[in-house]
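# Coordinates in review
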Amino acid sequence: MNSSLRLRAGLVSIVLLAAFLGIWHLATRSTGATTTMSPEYAKLMGLTATQGKSTMPGPLDVGAKLLEHLKRPFYDNGPNDKGLGIQLAYSIARVGTGYLLAVLVAIPLGFLIGMSPLLSKALDPFIQVLKPISPLAWMPLALYTIKDSSVSAIFVIFICSIWPMLLNTVFGVASVRKEWINVARTLEVGTVRRAFTVILPAAAPTILTGMRISVGIAWLVIVAAEMLVGGTGIGYYVWNEWNNLSITNVIIAILLIGVIGMLLDQILARFTRMVTFPE
Amino acid sequence: MSTFNDPFDADRNLQSGCVCGQHASAGEHEAALTLRCEPVESEEKRYEGVVASAVMRAMFPQDGARRAFLKSVGASTALAALSQFFPLKTATEAFAQAGAPEKKDLKVGFIPITCATPIIMAAPMGFYSKHGLNVEVVKTAGWAVVRDKTINKEYDAAHMLAPMPIAISLGLGANPVPFAVPAIENINGQGITLAMKHKDKRDPKDWKGMKFAIPFDYSMHNYLLRYYLAEHGLDPDTDVQLRSVPPPEMVANLRADNIDGFLAPDNICQRAIYDGVGFMHILSKEIWDGHPCCSFAASREFITTAPNSFAALTRAIVDATAFASKAENRKQIAEAIAPANYINAPVTVLEQVLTGTYADGLGGVKTDAKRVDFDPFPWQSFAVWMLTQMKRWGQIKGDVDYKAVAEQVYLATDTKKLMTEMGLSPPASAYKSFAVMGKTFDPAKPEDYVASFKIRKAS
């Protein structure tokens, strides 16, 4: 039965989560005072040194802190201290801009390359070389040439999310079934009309798969980019809390980055399902 | 020495007897050359003093007449009489904001360490707004990013390591862009922290093969650590490994056993102790007492396009530095700069750094009120010393015009003028000699100094 399977899967998930939290809690309990030290000295030291508190926060610490953040996600205490909601909004806006620019470039370009085997072969080596470059490698170059840190961050998102989309579009367009193109040709359909009514719908699922991979990459890149550029965004937040060696806040940020990434992926998955067709 | 001089004191000589006008003779002035600026009870009073002096000077051009007047009516009556005809309060306010700034909304970048104290505290404690500026202090991820963002004009001015503006002006590790330093952020305020497992290895001679972290190549941290190692017979280029590591990663790396120690800016050293991963080997003060650490820097272009904004900014920084140099203000400062918006560190850690009563990591509590100190005057001899070390370690090659570079980058003359206007007493000369680990440095003979070191990079 389908519904009982779902129920059982849900139960197993909950048991796994509980076990994980339980082990986490036990592993990070404080061990009590380790060495004896004068009270005057102990006052100047942190909990790790005095109470033997684990350097990793436990699930209860993280939960309490998370609740605190969720209660006021949009506070603004000046340029370097803003609520998590504001930080996430900045990151999403940057990712959105860079990603949309990449879509605008990658899909038309991919379409052209896909329709011309010559271009496809000629550009392939360039794409293969550019594709595996990490965002952090682009960052110094971008900062140095663009001379504007927020534009640099957007550029890095753009440059890193363009390749999977481009490659998938090329692949999708190039592998449209020959019969369909031949039928269109027999019916004397013009090139432009053929591109929009035959090739685009046929390649759409592959293109959207490329877009789905790209949005994942864009969201991966933003954290690294913002850690370097600073100012605002969830990546900056992680860096700022690391600066304070506050692992609790870093874990919260990681959790939220995961949730947002999943949401972005789900949105594109839904679009992919909309254009998928049975053959 | 009080820098606030009462203009209604009959015995005071208002017509200056020396360059700064605060000493009876040039000789006495020379003697005070080593003195630092010390703030008076309140900045307002200091300004009032400066303005009142000017007014008294204008009313009684002759010294004798002024003395006679003051002697006959007394200082308080004179003040009351003067206030009646001349709105001293308004004049003081006007003076404090002399020359309307061309640009009021400014961005200043900083790295979250206690060296940036004056830059940071000037925002929450109102030193910028007092000088008519609306400054946003922006936390920045690393020194290279500070450099790039300042060169790109995203920042109008920034917190930099003291040698950085020199390096940028010379085009070391960047395009050559003329930069200038109107004020030193802090003096002292660093330390060598070692991992707990080395607590019995206190002699640097045993450090061969160890890995140390420094924050940046063009930093006092780099030069002081190299100097310290070399004085103990270790070649920093071959006997140990020096790595450039951003400060927050230093503590994590020390905990993970990736490095054996670091010479880092403070609150990072104390943080390692606070978390129980390291101990304080020595303070950088023990290598060179009174060494500069970080600087306040702006591009020449900003200075020429917005001279009034730049002057107001410098005034705010000098004011904040003067405030920070007073021991009794340090606790209040620690609280002001600890929140997430600024340094983002536990208040206890900042308090230990700023007050100088700190846990050493080995179970003892030490006290050194000058662990970190604040003195804005940009001694050009500091710049010459940094250049000698750049030469020594091969960062610059060939002939160096030490004096010309120092004078171009470290704006001692302008700062001196500004400080005098503010009622502070800057030193008369921009050069002074000092000792680093007992070895005296003569700023007039930099080449001989470089040549005198046995361990250095052959060039």
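Bear in mind that the values here come from a model prediction, so they are computed numbers and not experimental data. (Residues numbered from 1 in each chain as written. Chains lettered and ligands numbered in written order. Predicted model: local features only at pLDDT ≥ 70, side-chain atom pairs only at ≥ 80, totals over all residues. Heavy atoms only, no water.)

## Let's talk about the overall build of chain B
Each helix and strand in chain B was counted, giving 20 helices and 15 strands. Sorting the 459 residues of chain B into buried and exposed places 60% on the buried side. Split by element, the accessible area of chain B, about 16,600 Å² in all, is 51% carbon and sulfur. (Helix = DSSP H or I, 4+ residues; strand = E, 2+ residues; numbered from the N terminus. Buried < 20%, exposed > 50% of the residue type's maximum accessible area, 1.4 Å probe, protein only. Areas by Shrake-Rupley, 256 points an atom, 1.4 Å probe, with all protein chains shown as cover.)

## Remarks on the interface of chain B and chain A
Listed as interface residues are 41 residues of chain B and, on the opposing side, 31 residues of chain A. Roughly 3,000 Å² of surface becomes buried between chain B and chain A when both sides are summed, with 53% attributable to carbon and sulfur atoms. Interface area lost by chain B to chain A is led by B:P248, B:N341 and B:N344, which between them contribute 18%. Here chain B and chain A share zero salt bridges between them. Applying the counting rule to chain B against chain A returns 15 residue pairs in polar contact (both at pLDDT 80 or more). (Contact = heavy atoms within 4.5 Å. Buried area = accessible area lost by both parts, 1.4 Å probe. Salt bridge = Lys/Arg side-chain N within 4 Å of Asp/Glu carboxyl O. Polar contact = N/O pair within 3.5 Å; in protein donor to acceptor, adjacent residues only side chain to side chain.)

## Section: the pairing of strand β7 (residues 241-244) of chain B
Taken together, the four bridges between strand β6 (residues 211-214) of chain B and β7(B) define a ladder with parallel strand orientation. Along β7(B), the bridge assignment pairs B:F212 with B:L242. (Pairing = 2+ DSSP bridges.)

## Looking at the packing of aromatic side chains
Aromatic ring pairs are defined here through the distance separating the ring centres and the angle between the ring planes. All names here are of chain B. Enumeration over the complete set of coordinates arrives at 19 aromatic pairs over all chains. An angle of 45 degrees between the planes, with centres 5.4 Å apart, marks the rings of W207 and F212 as tilted. Take F212: its relative accessible area is 0%, and that puts it in the buried class. Relative to F434, the ring of F382 lies with its centre 5.7 Å away and its plane at 65 degrees, an arrangement referred to as edge-to-face. One end of the pair, F382, is in helix α17 (residues 380-392); the other, F434, is in strand β14 (residues 434-436), and 52 residues separate them in sequence. Put simply, the rings of Y227, W288, F382, W385, F434, F441, Y449 and F453 pair up and form one aromatic cluster. A cation over an aromatic ring shows up here: R392 above the ring of F453, its NZ or CZ 3.7 Å from the ring centre. One residue, K439, lies across the ring of F453, its end atom 4.5 Å from the ring centre. (Phe/Tyr/Trp six-rings, centres within 6.5 Å; stacked < 30°, edge-to-face > 60°. Lys NZ or Arg CZ within 6 Å of the ring centre and 35° of its normal.)

## Regarding the confidence of the model for chain B
The predicted coordinates should not be examined in detail at positions where pLDDT is low. Residue and element names in this part refer to chain B. When the pLDDT values of chain B are averaged, the result is 83; 82% of them are 70 or greater. Contacts for the low-pLDDT stretch residues 1-5, under 50 throughout, to residues beyond four places or in other chains number 18 contacts. Throughout residues 29-40 the model reports pLDDT below 50, and contacts reaching past four residues in sequence, or to other chains, amount to 34 contacts. This complex was scored by the predictor with a pTM of 0.79 and an ipTM of 0.76. (pLDDT = per-residue confidence, 0-100.)

## Focus: the environment of B:G173
Examined against the element boundaries, B:G173 turns out to sit in the loop between α9 (164-170) and β4 (179-188). Spatially, the C-alpha atoms of B:G173 and B:Q352 are 35 Å apart, while their sequence positions differ by 179 residues.

## Observations regarding a nonpolar patch on the surface
Residue and element names in this part refer to chain A. Side chains of L101, L104, V105 and L109 sit close together on the surface and give an oily, nonpolar patch of about 340 Å² of accessible area. Tracing the chain through its elements places L101 in helix α5 (residues 84-115). You can call L101 partly exposed: its relative accessible area is 41%. (Patch = residues over 30% accessible without salt bridge, like charges linked within 9 Å, V, L, I, M, F, W, Y side chains within 5 Å.)

## So, empty space enclosed by the protein
Following the criterion strictly, the structure yields six cavities of 30 Å³ or more and no others. Estimates place the volume of the largest cavity at around 90 Å³. As for the largest cavity, its lining consists of A:N243, A:L245, B:P112, B:P248, B:V251, B:N267, B:I268, B:R271, B:I343, B:N344, B:A345 and B:P346. (1 Å grid on protein atoms, 1.4 Å probe; cavity = no way out; pocket = protein on both sides within 12 Å on 5 of 7 lines; lining within 4 Å. Points joined across faces, edges and corners; volume = space filled by probe spheres on them.)

## What to know about the nonpolar core
Judged by nonpolar contacts, the single largest core of 101 residues is most densely connected at B:I166, B:I192, B:W207, B:F262, B:W385, B:M390 and B:Y410. Counting residues per element, this core draws most heavily on helix α10 (residues 220-231) of chain B, at eight residues. If you look at the next biggest cluster of nonpolar residues, it comprises 59 residues, including A:I107, A:L167, A:A203 and A:I252. (Core = buried A, V, L, I, M, F, W, Y, C linked by side-chain atoms within 4.5 Å.)

## Observations concerning the sheet that holds strand β1 (residues 105-110) of chain B
The mixed open sheet is built from six strands, whose spatial order is β2-β1-β3-β10-β4-β13 (chain B). Edge positions in the open sheet fall to β2 (134-139) and β13 (372-373) of chain B, since each of these has one partner strand only.

## Remarks on the layout of surface pockets
Taken as a whole, the largest pocket encloses approximately 850 Å³ of empty space. Forming the walls of the largest pocket are 37 residues, and the residues nearest its centre are A:N244, A:L245, A:S246, A:I247 and A:T248. Elements with a minimum of two residues in the lining of the largest pocket: α3 (47-51), α4 (59-71), α11 (234-243) and α12 (247-275) of chain A together with α11 (247-255) and α12 (268-274) of chain B. In terms of residue count, α11(A) provides more of the lining of the largest pocket than any other element does, five residues in total. For the lining of the largest pocket, the per-class residue count stands at 13 nonpolar, 13 polar and 11 charged. One number sums up the size of the second largest pocket: a volume of about 600 Å³. Around the second largest pocket sit 29 residues that line it, and A:L228, B:A141, B:G142, B:V145 and B:P246 are the ones nearest its centre. Looking at the lining of the second largest pocket, the elements with two or more residues in it are α7 (135-146), α10 (191-229) and α11 of chain A together with α8 (143-151) and α11 of chain B. The class makeup of the residues in the lining of the second largest pocket is 22 nonpolar, four polar and three charged. (Nonpolar A, V, L, I, M, F, W, Y, C, P; charged D, E, K, R; others polar.)

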